[in-house]
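Fold and geometry: a report
Given next are the chains, with one letter for each unit.
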Amino acid sequence: MNRSMLSSSPYAHNNQNVRKVMMQVQIAAFPALMAHIYLFGFGIVIQWMLAVATFIVVEYSMLKLRGRPVWPFMSDLSALITVTGLVFCIPPEAPWWVVVSGSAFALIFGKHLYGGLGYNPFNPAMLGYAFLLISFPVQMTQWTMPLDITGSTLGLIESAQIIFNGAAHTHTMDMFTGATPLGELKTSLTQGVTALETLNREPYGLLFGLSAWAWINLAFLLGGLWMVLSGVISWQFPVAFLGALAGMAFIFHQVDPTLYPPVSFVLLSGGTMLAAFFIITDPVTASTTPRGKLVYACGIGILVYVIRNWGAFPDGIAFAILLMNIAVPLIDQYTQPRVFGHKLKG
Amino acid sequence: MNPSNLLSVALRFLAKLYPASKRWLHRFHGGVFPQYYKSLSATQPIRKAFIPEKLILPLEQPVGLPAETLVKVGERVKKNQLLAQASKDPQKALIVPVHAPTSGTVMAIQPMTLPHPSGLQDQCIVLQPDGLDEAIVNALEVDGSHPGSPEALKSTLLHAGIVGMGGAGFPTYAKIPNQRGKIHTLLINGAECEPFITCDDLLMQTRAQEIVQGALITAHALGASKIICGIETNKPEAIRAMQEAASNTPVEIRSVETVYPMGGQKQLTLELTGVEMPHKAHAVDLGLLMMNVATYAAIYRAVVHGEPLTSRLVTVSGLGLNKPFNIHALIGTPFSALAELAEPKVTLDYPLVMGGPMMGFQVQNNDVPVIKTTNCILANPPEPVAMQMPCIRCGECMQACPVNLLPQQMYWHTQAHEYDKVEKLNVFDCIECGCCSYVCPSHIPLVQYYRHAKSEIKAMHAEEKATELAKQRHEFKLARIEREKREREARLKAKKEAVKKEALAEESPSAKKPEATAKSAAEAARAAAAKRAAAQKQSQKSDDSNNPPIPPARLKAIEAAKKAAAQKAQQKNEESSASSKVNREPPKSEQDEKKPDAKSAAKAAAMKAAQKRTQAKKQASTESASEVTSAKKDARQRAIEAAKKRAAAKKAELQPMAEMETEQACSDSAFPQQADVKDNTTAATELTETTTSTPASEKETARRAAIKAAKEAVAKRKAASPSKTEQTENTATPKPDEDKRKKAIEAARNRAAQKRNAANESQQGDK
Amino acid sequence: MIEAVLIFLGLALLFGILLGYASVRFKVEGNPMADQIDKVLPQTQCGQCGYPGCRPYAEALANGEAEVNLCIPGGNEVMIEISEITGLEQKPMAEGAAEPKPKEVAFIDEDLCIGCVLCIKECPVDAILGATKQMHTVIEKECTGCEKCVPVCPVDCIEMRPVEVTTKNWKWPEPQTIQEGK
Ligand code: SF4
Ligand code: SF4
Ligand code: SF4
Ligand code: SF4
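Note that the structure is a prediction, hence the values are computed from the model and not measured.

1. Some details on the pattern of salt bridges
Within the structure shown, the criterion is met by 26 salt bridges over all chains. We note a salt bridge from B:E210 to B:R207, for which the minimum N-O separation is 3.9 Å. The exposure class assigned to B:E210 is buried, which follows from its relative accessible area of 15%. Its relative accessible area of 22% is what places B:R207 among the partly exposed residues. B:K235 is the salt-bridge partner of B:E232, the closest N and O atoms lying 3.7 Å from each other. When sorted by exposure, B:E232 lands in the same class as B:K235, which is buried. Here the salt bridges share partners, and the residues they tie into one network are B:K471, C:D35, C:D38, C:R55 and C:E59.

Structure representation (structure tokens):
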């Protein structure tokens with residue numbers, strides 16, 4: 001039977017395809033990458049290259065093993081987005097095996113074992129991240145100090161030495177790593193220091209009035225807004241997620257400012273913006289209905305705040321997302337849109 | 001400037017920044033903004049009419065049953081002559097007549113490929129034009145006046161063969177309600193949202209008057225007060241022309257946003273009136289009626305000029321053509337002829353598309369004809385098809401769907417063949433607009449999945465219905481058989497009763513003579529007759545379920561019957577042996593000799609016989625059952641055998657002697673019947689073996705064999721039952737060494753004989 | 001320790017009661033099993049299951065006297081449905097009988113028919129029209145395709161023909177996924 005016997009209209013297409021969508025996401029991450037390099041040094045570049053190498057090897061072998069066509073599925077670049085998301089979550093100077101094992105885990109267990117692109121219930125990047133957090137808590141929480149604190153960043157060579165050898169001859173690990181602001185906040189709160197005090201403490205120097213973490217978040221925001229405007233991601237995700245998070249932060253900050261950080265800090269710290277625009281918008285694992293997207297993102301926002309403030313981990317994004325992934329089928333079920341000409345049900 | 005205008009200006013500005021905001025400019029959900037390519041053909045003037053070498057007129061139309069031809073091959077027809085029309089009530093058949101588009105000769109009436117996605121063939125009239133274009137003027141015999149009632153308009157539309165020319169091709173007359181005033185608003189669909197197609201655009205530019213007049217005629221007939229025409233903003237020329245034509249008339253021309261699928265009936269209705277047509281409801285029920293501009297123009301020409309619909313404006317366009325154009329093409333013109341006129345860039349070895357790129361379909365043969373719904377012939381050279389990727393759940397399709405469905409979920413379920421779930425997701429509300437496929441980044445042919453699912457679901461429902469029907473009919477048949485059986489039994493019983501009564505009546509005068517037992521015997525006989533009927537029924541039941549024990553009541557009844565019968569026979573023999581009829585078997589001398597203790601002997605014999613009979617029945621039934629299974633091997637021979645058997649049984653019915661027996665056999669359950677007949681037809685079976693294979697000779701042999709078998713059966717049966725005494729003797733000494741089969745046959749035969757004897761006796765009593 | 005045990009016991013008791021209540025309260029008052037089974041059977045009435053029709057087979061199943069895999073026209077699908085209703089274990093269809101063929105309907109060659117009415121008697125749904133000594137025809141719409149009439153015809157003039165595809169019952173083919181395969 002020839003092909004034309006089977007094809008059916010429409011014979012036109014808007015020329016969008018999965019690869020283009022993924023490329024746009026990748027491009028949108030560029031400002032954040034730049035900011036990252038500027039603020040934390042070239043560590044992230046090495047990490048990213050390691051992750052890409054892992055992605056190529058893992059994808060190739062998994063597709064071969066599963067007997068799928070290799071080129072079309074590798075070239076859809078969805079795995080690139082996964083590892084990129086993961087790299088931003090890993091400390092830039094973490095040992096090389098952290099990122100390699102994380103990426104491999106994310107791709108194999110997060111995607112291929114479920115049947116590949118489109119069939120995975122959990123966000124692969126977050127699955128990899130959660131895996132790393134649980135397996136290597138020390139390496140994962142030791143972040144490189146940003147430029148505003150140390151006043152200088154590591155060069156490419158130095159970063160490579162640290163990543164591959166554990167130490168460069170000029171620096172030792174402790175000299176330039178520390179907890180992230182979120183981690184710091186958590187530790188100090190347990191020591192009885194108030195949130196405000198911690199935040200106003202000196203080491204957090206400012207760069208044009210904003211901390212390094214805030215800058216990174218702003219870079220993500222920039223790329224994210226572009227994606228929303230060009231229609232790559234739905235506006236519902238960031239709006240609902242940030243809205244819910246800000247709402248929670250506002251309420252609790254009003255209740256007790258000594259215990260709960262202000263809204264601005266919540267929104268511009270940790271991986272908030274990364275999650276809002278790059279992680280929770282992963283269509284495969286998110287809710288698909290318009291109202292479902294709002295519910296899903298809201299749920300993540302609330303969970304993130306809860307985990308950050310009352311949970312065991314400084315940043316709860318990974319767990320919040322994974323938890324909401326479980327709820328997606330349910331959300332989709334109950335948020336079906338009203339079909340044209342049908343009465344609103346129930 | 002009113003606020004809504006302000007808003008739309010603001011949105012238009014925003015759209016530059018955020019393209020998706022264009023969707024907020026129209027009232028329905030979703031929609032897409034494809035590349036239109038309309039200027040390809042819209043910029044060209046309408047090409048002058050052209051008569052192809054042959055015209056193909058399908059009898060089957062998109063909706064309804066096929067039409068019946070009125071012409072013969074070789075006949076010369078004139079333009080506008082009626083060629084075919086509905087054979088049934090057109091309201092039910094939902095079809096419109098077919099008219100000759102030009103004058104010429106009917107070349108053939110044969111199956112040709114239809115312009116249908118399946119590429120199936122069906123009967124078509126093939127017309128060879130003579131080029132003279134001789135026309136019947138005013139073929140519909142109208143006086144040019146505007147019909148004042150819906151009925152009058154409908155009849156004209158029916159005879160003019162007008163169908164909805166925008167898409168589905170639903171007969172227009174069937175769309176119009178009968179009551180006047182039911183439609184309050186008439187809508188004119190001039191949106192034409194599909195890329196490439198410009199025929200409505202050009203029609204509005206060149207025949208705006210006709211469209212407006214057609215709408216006015218319709219509104220006049222239906223009593224509609226409002227007429228609204230919606231035209232997309234990308235046709236400014238058409239809007240201007242229509243506005244000009246509509247000035248000083250109640251027709252309101254409104255421009256609507258350019259978005260696909262604005263021309264969808266429900267979408268445009270919402271846009272123009274703000275009414276969202278409820279699911280499953282018809283626009284007519286809401287007092288709205290929407291028709292395409294081309295349909296209105298056709299209505300005008302039919303009502304005013306009496307012209308049937310024999311041509312339509314067709315866009316011939318596509319990226320594969322050098323000179324796209326619009327043309328008033330005759331219905332029946334082959335696609336390829338029109339496409340060739342447009343100077344294809346390369347030879348047309350790829351399939352043409354009927355309709356636009358969004359909702360059209362590829363024809364399976366480029367020679368298919370233009371039909372009344374063909375608005376566009378598209379020649380787009382095939383492009384490499386992007387590979388289909390798995391759904392990434394991006395939700396683009398959902399955002400584009402004008403019906404607000406969940407295309408991705410419907411797709412998943414269709415792929416998993418869970419059609420019931422697809423139906424729950426309202427796949428039947430899908431208008432197959434193609435927006436979802438258009439935007440899907442994974443290039444999934446979503447619409448084809450829905451089309452497939454729809455046809456599967458339809459087939460599923462049809463099957464369900466058929467199953468239900470089959471069940472009902474089967475149950476009905478069982479009930480009927482049951483009823484017939486009961487009736488037959490009742491008849492049999494009545495007959496027996498009557499016979500008995502008569503016998504008694506005859507017996508009574510002679511009842512004084514015999515000994516004291518006579519009276520009681522008569523009474524017993526009467527009781528026995530009643531009981532026997534009951535017992536017979538019971539015996540059937542016990543046959544079916546193979547219940548070994550004979551109910552005592554039955555035994556008693558049989559006994560009593562036998563007693564009475566024996567006594568009666570004795571009496572008869574004693575008194576009127578001389579007067580016994582010739583056709584009756586000669587009475588045996590032994591019986592006469594044993595007169596003194598005949599009573600007790602008969603009693604004993606009857607007992608034995610009854611026991612024997614039940615045994616035999618059991619055996620016979622088990623045996624014939626096993627035989628049935630083993631006989632499956634050569635089903636055909638067996639079938640023929642069965643036919644013979646039954647034929648024999650039927651033939652036997654002709655013999656008055658056997659009548660009783662056959663009826664009994666029929667009313668018996670299937671297995672004993674088979675055993676009964678079996679021995680009668682052993683000869684027949686032998687004959688069947690020699691049957692030849694040709695059906696004709698088979699028929700012949702079958703008949704001959706049947707007759708022969710029947711004859712033999714009767715003879716045998718006669719021989720088998722010479723007298724009661726002999727029979728009792730036979731049964732009294734069973735041969736244990738004989739194989740089961742013979743025994744069963746024997747027993748069955750005995751039973752038959754016994755039955756007949758009883759019958760004979762009662763018959764004899766009459767005489 | 002003892003509290004924990006008590007709490008667990010209490011919980012177990014509570015849930016037990018709840019479950020018990022639910023099973024009584026929300027019991028599905030379904031129609032008798034035979035009816036349910038009869039519903040899923042194809043109603044071809046072909047007797048290939050060894051019972052005179054679908055209903056008797058359904059009844060035999062409901063009484064637990066029959067295997068679940070006997071209905072040949074129904075194939076695996078029906079077998080699974082039956083096993084779901086009856087709770088009996090699924091069984092593969094007997095080999096050689098596994099693939100149900102596309103629906104066919106009987107067609108009588110009217111030139112050969114001798115009008116013996118045998119087929120009429122056999123047809124479980126009265127889909128054959130005719131009278132003694134007259135040619136017979138099959139009402140295509142009502143024929144279930146049981147093939148029962150085929151063997152009884154003494155002159156072999158009945159044959160099974162596939163249902164004709166027209167534009168009205170034509171089905172859109174399922175799109176072929178190119179991604180699988182090559
Ligand atoms: S084809 Fe059907 S599902 Fe797809 S967009 Fe159109 S109406 Fe919606
Ligand atoms: S547009 Fe395609 S990939 Fe996206 S959700 Fe719909 S079907 Fe899936
Ligand atoms: S085999 Fe035939 S008679 Fe038996 S259940 Fe199936 S369809 Fe009905
Ligand atoms: S069984 Fe055959 S010959 Fe007899 S009536 Fe039916 S079709 Fe005709």
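The discussion continues.
2. Some remarks on the domain arrangement of chain C
Residue and element names in this part refer to chain C. Partitioning chain C into structural domains gives domain 1 (32-86) and domain 2 (104-162). Taking only C-alpha atoms, the centre of domain 1 and the centre of domain 2 are 25 Å apart. Contact with domain 1, which involves six residues of that partner, is made by six residues of domain 2. Summed over both partners, the interface of domain 1 with domain 2 comes to about 370 Å²; 55% of that surface belongs to carbon and sulfur atoms.

3. Here we look at the site of ligand 2
Surveying the vicinity of ligand 2 reveals 13 residues, the closest of which are B:C391, B:C394, B:G395, B:C397 and B:C440. Tallied by class, residues from the shell around ligand 2 come to eight nonpolar, three polar and two charged.

4. Here we look at the site of ligand 3
Not every one of the 14 residues close to ligand 3 is listed here, only the nearest: C:C46, C:G47, C:C49, C:C54 and C:C71. Residues belonging to the shell around ligand 3 are distributed by class as follows: nine nonpolar, five polar and no charged.

5. Considerations on the interface of chain B and chain A
At the junction of the two partners, chain B supplies 51 residues and chain A supplies 44 residues. Per-residue buried area on chain B facing chain A is highest for B:I392, B:R393 and B:Y438; these three make up 16% of the total on that side. One can count two salt bridges joining chain B with chain A. The closest approach of N and O atoms between A:D332 and B:R393, which form a salt bridge, is 3.5 Å. Listing elements by their share of the side of chain B that touches chain A, those giving two or more residues are α9 (265-273), β16 (361-362), α12 (396-400), α13 (407-415), α15 (435-439) and α16 (446-510) of chain B. Within the side of chain B that touches chain A, the residues separate by chemical class into 30 nonpolar, 15 polar and six charged.

6. A closer look at the confidence of the model for chain C
Residue and element names in this part refer to chain C. Taken over all residues, the pLDDT of chain C has a mean of 77, while the share at 70 or more is 87%. Long-range and interchain partners of residues 178-182, a stretch whose pLDDT sits below 50, account for nine contacts in this model, where long-range means more than four residues apart. As a predicted assembly, this complex carries a pTM of 0.71 together with an ipTM value of 0.83.

About the criteria used
Residues numbered from 1 in each chain as written. Chains lettered and ligands numbered in written order. Predicted model: local features only at pLDDT ≥ 70, side-chain atom pairs only at ≥ 80, totals over all residues. Heavy atoms only, no water. Salt bridge = Lys/Arg side-chain N within 4 Å of Asp/Glu carboxyl O. Buried < 20%, exposed > 50% of the residue type's maximum accessible area, 1.4 Å probe, protein only. Domains from an automatic or database assignment. Contact = heavy atoms within 4.5 Å. Buried area = accessible area lost by both parts, 1.4 Å probe. Near = heavy atom within 4 Å. Nonpolar A, V, L, I, M, F, W, Y, C, P; charged D, E, K, R; others polar. Helix = DSSP H or I, 4+ residues; strand = E, 2+ residues; numbered from the N terminus. pLDDT = per-residue confidence, 0-100.

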